[in-house]
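Fold and contact review
These are the residues of each chain, in order.
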Amino acid sequence: MLHGLIPVVMRDAGFNKLGEHAIYLDEFSIEYVNKILSNLSASDPAALDVLMQKVLLFASQNFTPEAYEKKLKSIFLEIL
């Protein structure tokens with residue numbers, strides 16, 4: 001995600017905190033996944049670029065060493 005990749009993941013598989021920053025799959029059949037990926041590849045590039053920018057911003061705010069340190073520090077302060 002820190003490189004702008006849009007996650008395509010199974011719904012309720014532990015990625016729910018990504019919210020609107022991911023494409024969620026409802027099933028894992030080959031036909032379904034193929035349909036979703038085909039639809040994504042046919043999507044408007046401008047719309048995908050907007051989603052990519054949102055994903056990149058979300059990842060840079062949540063999945064960096066600095067963000068981890070900040071969250072960990074907050075947890076320790078709350079415990080103490």
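Per chain, the residues get numbers from 1 upward, laid out in the order the sequence is written. Selection of residues for local features in this predicted model requires a pLDDT of at least 70, selection of side-chain atom pairs for listing and counting requires 80 or more, and totals for whole chains, interfaces and linings are taken over all residues. Where side-chain values are given, they derive from all heavy atoms of the structure, hydrogens and water being excluded.

With that out of the way, let us pick up the overall build of the protein. For helices the rule is a DSSP run of H or I covering at least 4 residues; for strands it is a run of E covering at least 2, with both sets numbered from the N terminus onward. Helix and strand counts for the protein come out as 3 helices and 2 strands. When the helices and strands of the protein are listed from N to C terminus, the series reads β-β-α-α-α. We take the radius of gyration over the C-alpha atoms and set the globule estimate at 2.2 Å times the residue count to the 0.38 power. For 80 residues, the compact-globule estimate of 2.2 N^0.38 gives 12 Å, and the protein exceeds it by more than 25% at 16 Å. C-alpha extents for the protein along the principal axes are approximately 50 × 25 × 15 Å. For the protein, buried positions account for 21% of its 80 residues. When checking whether two residues touch, look at their non-hydrogen atoms; a contact exists if any pair is within 4.5 Å. Nonlocal contacts in the protein, meaning residues at least 24 apart in sequence, comprise 45% of its contacts between residues at least 6 apart. Burial classes: relative accessible area under 20% of the type maximum marks a residue as buried, over 50% as exposed, and values in between as partly exposed (1.4 Å probe, protein chains only).

Any Lys or Arg side-chain nitrogen found within 4 Å of a carboxyl oxygen on Asp or Glu counts as a salt bridge. Tallied over the entire structure, the rule returns 1 salt bridge. We note a salt bridge from Asp26 to Arg11, for which the minimum N-O separation is 2.7 Å. Of this pair, Asp26 sits in the loop between strand 2 (23-25) and helix 1 (30-41) while Arg11 sits in the loop between strand 1 (8-10) and strand 2, and the two are 15 residues apart along the sequence. On the accessibility criterion, Arg11 (39% relative accessible area) is partly exposed.

Right, let's get into the nonpolar core. Each nonpolar core is a collection of buried residues, namely Ala, Val, Leu, Ile, Met, Phe, Trp, Tyr and Cys, held together in the definition by side-chain atoms within 4.5 Å. If you look at the biggest cluster of nonpolar residues, it comprises 6 residues: Ile23, Leu25, Tyr32, Ile36, Leu51 and Val55. Of all elements in the fold, only strand 2, helix 1 and helix 2 (45-62) reach the threshold of two or more residues within this core. If sequence neighbours within four positions are ignored, Leu51 has contacts with Ile6, Glu20 and Ile23. Residues Val9, Leu18, Ala22 and Phe58 belong to the second largest nonpolar core, which totals 5 residues.

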